[in-house]
Amino acid sequence: HTPGGVKPVLKRNQFGATLGGPVWRDKTFFFLSYEGFRQVAPTVSSVLVPTPSQRSSVVDPISKSLLTYFPQSQLAGDTVAPNGTNFTSNVRSVLNDDTGLVRMDHTLTTHDTLSGHFITYNGRVVSGGPIPLIGGNTNSPLSQSVFLEENHTFTPELLNTLRVGYSFNQTNFV
């Protein structure tokens, strides 16, 4: 934690809903599901920032202006902690997820059934940088899958199942 700082608050919310039932009595059924997850969590970051003597040795005007983007060392003078750092802070990390499912089951005949589902996952992850105001990255994972299954019963001892599916995964880093 930051010396003299306040313990940051973890905020986590998880919620969802499901719904299912018949579409046509004894023939077709549906099921819907949604889940959402939201989290804002502090992450401790310890880094090395320019010390007072390093700051005073900079003479180039461009470099001097860049120093304003770095916080001051939290340790006295040019002291560096045993782990090689002199600035500790809590940086914000965010995680948002949304997952949805649609499923249908249908009885075609006394010997044939058809089932299918579609699942989607969409997220957003923001990882904090080394200091609160700079750095970090954002990515947005997306996953989707589609599945179809047909069952045919020839006899009580002989069953044929045909399954077809497709899955898509993507991650976009910003």
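Everything below is about the structure printed above this text.
Residues numbered from 1 in each chain as written. Predicted model: local features only at pLDDT ≥ 70, side-chain atom pairs only at ≥ 80, totals over all residues. Heavy atoms only, no water.

A word on the overall build of the chain. Within the chain one finds two helices and six strands. In sequence order, the chain lays out its α and β elements as β-β-α-α-β-β-β-β. Computed over C-alpha atoms, the radius of gyration of the chain comes to 28 Å, more than 25% over the 16 Å expected from 2.2 N^0.38 for 174 residues, which places it beyond the range of a compact globule. Counting over 174 residues, the chain shows a buried share of 22%. Contacts in the chain between residues far apart in sequence, at least 24 positions, make up 59% of those at least 6 positions apart. Only carbon and sulfur atoms are counted for the fraction: they give 61% of the accessible area of the chain, which is about 11800 Å². Taking the average location of the 12 positive side-chain charges in the chain and that of its 11 negative ones, the two points are 15 Å from each other. (Helix = DSSP H or I, 4+ residues; strand = E, 2+ residues; numbered from the N terminus. Rg over C-alpha atoms; globule rule 2.2 N^0.38 Å. Buried < 20%, exposed > 50% of the residue type's maximum accessible area, 1.4 Å probe, protein only. Contact = heavy atoms within 4.5 Å. Areas by Shrake-Rupley, 256 points an atom, 1.4 Å probe, with all protein chains shown as cover. Lys, Arg positive; Asp, Glu negative; His and termini not counted. Charge placed at Lys NZ, Arg CZ, Asp CG, Glu CD.)

A cluster of nonpolar side chains, contributed by Leu 19, Val 23, Trp 24, Leu 32, Val 102, Met 104, Phe 118, Val 146 and Tyr 166, occupies part of the molecular surface with about 840 Å² of accessible area. At the level of secondary structure, the elements contributing two or more residues to the nonpolar patch comprise strand S1 (11-24) and strand S3 (87-107). Of the residues forming the nonpolar patch, the biggest block, three residues, is contributed by S1. Counting through the fold element by element, Val 102 comes out in strand S3. (Patch = residues over 30% accessible without salt bridge, like charges linked within 9 Å, V, L, I, M, F, W, Y side chains within 5 Å. Salt bridge = Lys/Arg side-chain N within 4 Å of Asp/Glu carboxyl O.)

Quick look at the pairing of strand S6 (residues 158-173) now. In terms of strand pairing, strand S5 (residues 137-155) meets S6 through 16 bridges, oriented antiparallel. Note that in S6 the partner of Thr 153 across the bridge is Leu 159. (Pairing = 2+ DSSP bridges.)

The pairing of S1 with strand S2 (residues 28-47) spans 13 bridges and is antiparallel. The partner of Lys 11 across the bridge, within S2, is Val 40. A loop of three residues connects S1 with S2, the two strands running antiparallel in sequence, and Asp 26 in this loop sits at a positive phi of about 60°. Two elements, S2 and S3, share 20 bridges in a ladder whose sense is antiparallel.

This brings us to the packing of aromatic side chains. Counted according to the given criterion, the structure contains one aromatic pair. Ring centres of Phe 15 and Tyr 34 lie 6.2 Å apart, and the angle between their planes is 40°; this geometry places the pair in the tilted category. Here the residue Phe 15 occupies a position in strand S1, and Tyr 34 occupies one in strand S2, the gap between them amounting to 19 residues. (Phe/Tyr/Trp six-rings, centres within 6.5 Å; stacked < 30°, edge-to-face > 60°.)

This part is about the side chain of Ser 73. When you line up the elements, Ser 73 lands in the loop between helix H2 (61-67) and S3. Among the polar contacts made by the side chain of Ser 73, one reaches the main-chain amide nitrogen of Leu 75 at a distance of 3.2 Å. A polar side-chain atom of Ser 73 sits 3.5 Å from a polar atom in the side chain of Asn 86. Residues contacting Ser 73, with those up to four places away along its chain left out, are Val 49, Pro 50, Thr 79 and Asn 86. (Polar contact = N/O pair within 3.5 Å; in protein donor to acceptor, adjacent residues only side chain to side chain.)

Bringing the pattern of salt bridges into the picture now. Using the criterion set out here, one finds four salt bridges in the structure. The salt bridge involving Asp 98 is made with Arg 38; its shortest N-O contact spans 3.0 Å. Of this pair, Asp 98 sits in strand S3 while Arg 38 sits in strand S2, placing them 60 residues apart in sequence. Exposure remark for Asp 98: the relative accessible area of 25% places this residue in the partly exposed category. The exposure class of Arg 38 is partly exposed, given its relative accessible area of 26%.

As a further point, take the environment of Val 9. Topologically, Val 9 is positioned in the segment before S1. For the pair Val 9 and Pro 42, spaced 33 residues apart in sequence, the C-alpha to C-alpha distance is 7.2 Å. If we ignore the near neighbours within four places in the chain, the residues touching Val 9 are Val 40 and Pro 42.

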